[in-house]
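Structural description and commentary
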Amino acid sequence: RKMKVVVLVIAALFVGAFAQSTSPLWPATCTKTLSENNLRLSPVDPRVRYYGRVAVNAGETTFDWNGTGFQVRLTNVTQAWISLVDKNSEYTVFLDGQAVSLIVTNTSCHFFKLFEHPLNPKLTYVFRIARRTEAQNSPYPGRLDGIFFSLGAVIQAPAEPLPTRRLEFFGDSITCGYGNLANSSSCTLNPQIQLEDNWWSWGPIISRHFDALYHIESWSGKGLVRNYADPNKISVDPMPVYWNRTIATVSDAFLYNFTNYIPDAVIVNLGTNDFSTQPTPDPSVFMSAYVSLIQTIRGSYHNSDLPIFAACGPMISDPCCSYVRSVAGSVPNVHFVNLQNILLSNEIGCGGHPNVLGHQKMAAIAAPIIAKVLHW
């Protein structure tokens with residue numbers, strides 16, 4: 001009972017610290033053409049700061065993992081646009097840390113006006129664009145062709161160094177934020193597009209709590225061994241297949257350079273899809289695959305003692321979680337995060353997934369465990 005009270009108190013603190021705005025975001029306006037007088041900033045300019053796994057090719061950048069995006073600092077500007085080629089994806093535009101507009105991509109528009117009202121040219125601004133939705137929604141990854149500003153804009157180098165703390169999250173629809181903008185299990189809008197916002201999933205919430213950078217690799221329906229509703233006990237493309245990809249939807253190019261980002265810890269939440277439908281994988285196969293994934297992660301970063309947090313829940317419980325707990329108990333510096341049966345009725349979104357309140361509770365439970373291990 002005492003532990004439950006502590007968790008509820010911590011969850012309340014997370015809700016207060018990271019309250020989600022209820023105001024609808026201004027829809028970024030589609031602009032068919034841009035004036036020749038607009039200032040263009042190349043996507044590969046060093047003053048553009050990227051977040052997440054991003055591929056650079058021929059002066060363009062591509063990305064499709066949840067949470068990827070970029071940031072620019074500038075002054076003497078009144079308006080900004082981007083050229084973004086994507087489909088069935090959504091991005092949030094932040095201005096000085098506040099969400100102000102929403103980009104909804106489609107095949108008919110590649111230029112987007114970012115701000116509803118003109119900016120004050122006397123002020124210095126930082127704007128950030130973050131991908132809300134997941135990779136498989138689009139037939140191709142997002143491609144940034146250019147960032148454009150009103151004439152006279154001055155692009156500045158980032159004012160602050162990057163945070164030194166770094167986390168990485170590897171998981172399924174829960175880590176994506178599937179359906180987290182809903183307030184009930186039944187959803188009429190698409191839970192992977194209109195009702196998904198990775199910014200408000202547990203990984204980014206935890207990372208903001210620690211002032212840490214984060215990378216997220218997640219894909220709805222993927223399992224550790226068996227994907228959701230696969231008629232076989234073992235799938236040909238479970239989530240570990242995607243570990244080394246810079247671009248989630250591209251398998252044979254842009255393999256990720258693991259020296260680009262070295263996390264202090266990796267948080268894994270896999271197993272829900274393996275055991276949510278029949279036939280479930282054999283316990284020994286599942287646990288062996290989990291150990292193999294841990295070894296792969298540590299090998300990628302050349303750190304045999306890299307802290308791994310093995311989470312289970314909140315959409316699955318035993319026996320899956322007992323297997324995850326067993327792995328955590330048998331492999332050094334692997335720490336079990338118990339998220340079983342924590343969601344209340346008002347914390348559930350589409351298809352039984354956690355909504356924003358549910359993700360805040362998950363973060364509230366996981367953060368103290370992470371802090372204790374990493375001495376944060």
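A brief look at the structure comes next. (Residues numbered from 1 in each chain as written. Predicted model: local features only at pLDDT ≥ 70, side-chain atom pairs only at ≥ 80, totals over all residues. Heavy atoms only, no water.)

Brief notes about the overall build of the protein chain
Along the backbone of the protein chain there are seven helices and 19 strands. What you see for the protein chain is a C-alpha radius of gyration of 21 Å, in line with the 21 Å of a compact globule of 376 residues. With the C-alpha coordinates of the protein chain rotated into their principal frame, the extents come out at 65 × 45 × 40 Å. For the protein chain, restricting intrachain contacts to residue pairs at least 6 apart in sequence, the fraction spanning at least 24 positions comes to 75%. A total of about 15900 Å² of accessible surface is found on the protein chain, and carbon and sulfur atoms cover 54% of it. Across the protein chain, the 27 positively charged side chains and the 26 negatively charged ones have centroids separated by 5 Å. (Helix = DSSP H or I, 4+ residues; strand = E, 2+ residues; numbered from the N terminus. Rg over C-alpha atoms; globule rule 2.2 N^0.38 Å. Contact = heavy atoms within 4.5 Å. Areas by Shrake-Rupley, 256 points an atom, 1.4 Å probe, with all protein chains shown as cover. Lys, Arg positive; Asp, Glu negative; His and termini not counted. Charge placed at Lys NZ, Arg CZ, Asp CG, Glu CD.)

Digging into the pairing of strand E8 (residues 80-85)
Of all six residues in E8, six are buried; the element is thus mostly enclosed. Burial along E8 is two-sided: the residues Ala-80, Ile-82 and Leu-84 and Trp-81, Ser-83 and Val-85 are all buried. Looking at chain direction, E8 and strand E13 (residues 142-149) are connected through six bridges and run antiparallel. Directly across from Trp-81, in E13, lies its bridge partner Phe-148. Here E8 runs beside strand E11 (residues 111-113); their pairing, made up of three bridges, is antiparallel. (Buried < 20%, exposed > 50% of the residue type's maximum accessible area, 1.4 Å probe, protein only. Pairing = 2+ DSSP bridges.)

Brief notes about the pattern of salt bridges
For the structure on display, the rule yields eleven salt bridges. Of the charged contacts in the structure, one is a salt bridge between Arg-132 and Glu-90, with a shortest N-O distance of 3.6 Å. With Arg-132 in the loop between strand E12 (124-131) and E13 and Glu-90 in strand E9 (residues 90-95), the pair connects residues that are 42 residues apart, well separated along the chain. The exposure class of Arg-132 is buried, given its relative accessible area of 8%. The salt bridge involving Asp-145 is made with Arg-143; its shortest N-O contact spans 2.7 Å. By relative accessible area, Asp-145 is classed as buried at 17%. Residues joined by salt bridges that share partners form a network here, namely Arg-53, Glu-168 and Glu-217. (Salt bridge = Lys/Arg side-chain N within 4 Å of Asp/Glu carboxyl O.)

Thoughts on the packing of helix H3 (residues 202-210) against helix H7 (residues 356-374)
Where H3 meets H7, the closest approach of the two axes is 9 Å, and the angle between their N-to-C directions is 50°. Relative to H7, the element H3 is oriented oblique. Considering how the two elements wind past one another, H3 and H7 form a crossing that is right-handed. Contacts from Trp-202, Ile-205, Ile-206, His-209 and Phe-210 of H3 reach H7 at His-359, Gln-360, Met-362, Ala-363, Ala-366, Ala-367, Ile-370 and Ala-371. Here the contact of H3 with H7 is composed, by residue class, of ten nonpolar, three polar and no charged. (Axes fitted to C-alpha atoms, helices over the stretch in contact; angles between N-to-C directions. Parallel < 35°, antiparallel > 145°, perpendicular 65-115°, else oblique. Left-handed = near helix turned anticlockwise from the far one by under 90°. Nonpolar A, V, L, I, M, F, W, Y, C, P; charged D, E, K, R; others polar.)

Quick look at the state of the cysteines
Covalent bonding between the sulfur atoms of two cysteines defines a disulfide. Under the definition given, this model contains three disulfides. Covalent S-S linkage joins Cys-30 and Cys-109, the inter-sulfur distance amounting to 2.1 Å. With the S-S bond torsion at 115°, the cross-link from Cys-30 to Cys-109 turns out right-handed. Note that Cys-30 is positioned in strand E2 (residues 29-30) and Cys-109 in the loop between strand E10 (98-104) and E11, a separation of 79 residues in sequence. Judged by relative accessible area, Cys-109 falls into the buried class, the value being 3%. At a sulfur-sulfur separation of 2.0 Å, the disulfide partner of Cys-187 is Cys-350. Negative torsions about the S-S bond denote left-handed disulfides, and the value of about -110° found for Cys-187 with Cys-350 makes this one left-handed. Here Cys-187 is found in the loop between helix H2 (173-176) and H3, whereas its partner Cys-350 is found in the loop between strand E19 (334-338) and H7, with 163 residues between them in sequence. (Disulfide = S-S within 2.5 Å.)

Things to note about helix H5 (residues 283-300)
Compared with the 26 Å implied by 1.5 Å per residue over 18 residues, the 26 Å span of H5 between its first and last C-alpha is a close match. Those residues of H5 that fall on the buried side of the exposure criterion are Phe-286, Tyr-290, Leu-293, Ile-294, Ile-297, Arg-298 and Ser-300. For H5, the angular spread of the buried residues around the axis is 165°, confining them to a single face. Along H5, the residues that are exposed and aim more than 90 degrees away from the buried face are Ser-284 and Gln-295. Packing partners of the buried residues in H5 comprise strand E15 (166-171), strand E17 (265-269), helix H4 (272-275), strand E18 (308-312), helix H6 (320-330) and E19. Positive phi shows up at His-302, right after H5, with a value of about 50°. (Expected span 1.5 Å × (residues − 1). Arc of directions from axis to C-beta.)

Thoughts on unusual backbone geometry
At the junction of Gly-313 and Pro-314, the peptide bond is cis and its omega measures out at 5° in the coordinates. Along the chain, the position of Pro-314 falls in the loop between E18 and H6. If you check the backbone angles, Ala-58 has positive phi at about 55° while not being a glycine. Within the secondary structure, Ala-58 sits in the loop between strand E5 (55-57) and strand E6 (60-63). Of note, Asn-333 is a non-glycine position whose phi angle comes to about 60°, a positive value. With respect to the element layout, Asn-333 can be found in the loop between H6 and E19.

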